[in-house]
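Structural description and commentary
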Amino acid sequence: MSRAMGPILVFIHVTANVIWIGSILAVAVTLASNSGDATTRGRIAVELYRKLSTPAFIVSFVAGATRLALDTGYYFSATKFMHGKLTFALAVIALHHVIGARAKRMAAGEASSAGNVGVLGIALFACAVAAVFFVVVKPF
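Rules and cut-offs
Residues numbered from 1 in each chain as written. Predicted model: local features only at pLDDT ≥ 70, side-chain atom pairs only at ≥ 80, totals over all residues. Heavy atoms only, no water. Patch = residues over 30% accessible without salt bridge, like charges linked within 9 Å, V, L, I, M, F, W, Y side chains within 5 Å. Areas by Shrake-Rupley, 256 points an atom, 1.4 Å probe, with all protein chains shown as cover. Salt bridge = Lys/Arg side-chain N within 4 Å of Asp/Glu carboxyl O. Helix = DSSP H or I, 4+ residues; strand = E, 2+ residues; numbered from the N terminus. Phe/Tyr/Trp six-rings, centres within 6.5 Å; stacked < 30°, edge-to-face > 60°. Lys NZ or Arg CZ within 6 Å of the ring centre and 35° of its normal. Axes fitted to C-alpha atoms, helices over the stretch in contact; angles between N-to-C directions. Parallel < 35°, antiparallel > 145°, perpendicular 65-115°, else oblique. Left-handed = near helix turned anticlockwise from the far one by under 90°. Contact = heavy atoms within 4.5 Å. Buried < 20%, exposed > 50% of the residue type's maximum accessible area, 1.4 Å probe, protein only.

**Points about a nonpolar patch on the surface**
A surface patch of nonpolar side chains, amounting to about 430 Å² of accessible area, comprises Val132, Phe133, Val135, Val136 and Val137. Along the chain, the position of Val132 falls in helix α5 (residues 117-137).

**Thoughts on the packing of aromatic side chains**
Under the definition given, this model contains seven aromatic pairs. Look at Phe57 and Phe61: their rings are 6.0 Å apart centre to centre, the planes differ by 45 degrees, and that puts the pair in the tilted class. On the criterion of helical spacing, the pair formed by Phe57 and Phe61 is a turn pair, its members being four residues apart in helix α2 (residues 38-70). Put simply, the rings of Phe88, Phe133, Phe134 and Phe140 touch in pairs and so form one group of aromatic residues. Over the face of the ring belonging to Phe81 we find Lys138, whose NZ or CZ atom lies 4.7 Å from the ring centre.

**Quick look at the packing of helix α1 (residues 5-32) against helix α4 (residues 81-107)**
At a minimum axis separation of 10 Å, α1 and α4 run at an interaxial angle of 40 degrees. Relative to α4, the element α1 lies oblique. Between α1 and α4 lies a crossing of left-handed hand. Contacts between α1 and α4 involve His13, Trp20, Ile21, Ile24, Val27, Ala28 and Leu31 from the former and Lys85, Val92, Ile93, His96, Ile99, Arg102, Ala103 and Met106 from the latter.

**Concerning unusual backbone geometry**
Its identity as a non-glycine residue notwithstanding, Lys138 has a phi of 50 degrees, on the positive side. Inspection of the secondary structure assignment puts Lys138 in the segment after α5. With relative accessibility at 36%, the residue Lys138 sits in the partly exposed group.

Just distances and angles here, no functional claims.
Structure (structure tokens):
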């Protein structure tokens, strides 16, 4: 793959991130809401998770990993900002899966409340903001 693909991959990665982060936060808000019963909220959240959050995550991950593979030296040697960005991105990925698992349990009737999903959503948001900070400011 040529280096000319770099900007296109970054565009795809950032666009998918916007959709992914927005939709996984919508999943968390849906689960934590007091509207309707827990199973209904879980079903709505699972639908968002499966049809929007997870596909956007996959596109983001593939585009980002491909972009990194094209020029690992720039991202890991010439500049150091990717260390911080990827640390927070991994936290976002983990929280994505935890929130998705809670949605599945609520949809199946295995959990009658969202538990700490509101806090997890706030943590996911904060980690996403931190990842963006490292990319934009490049403090290292």
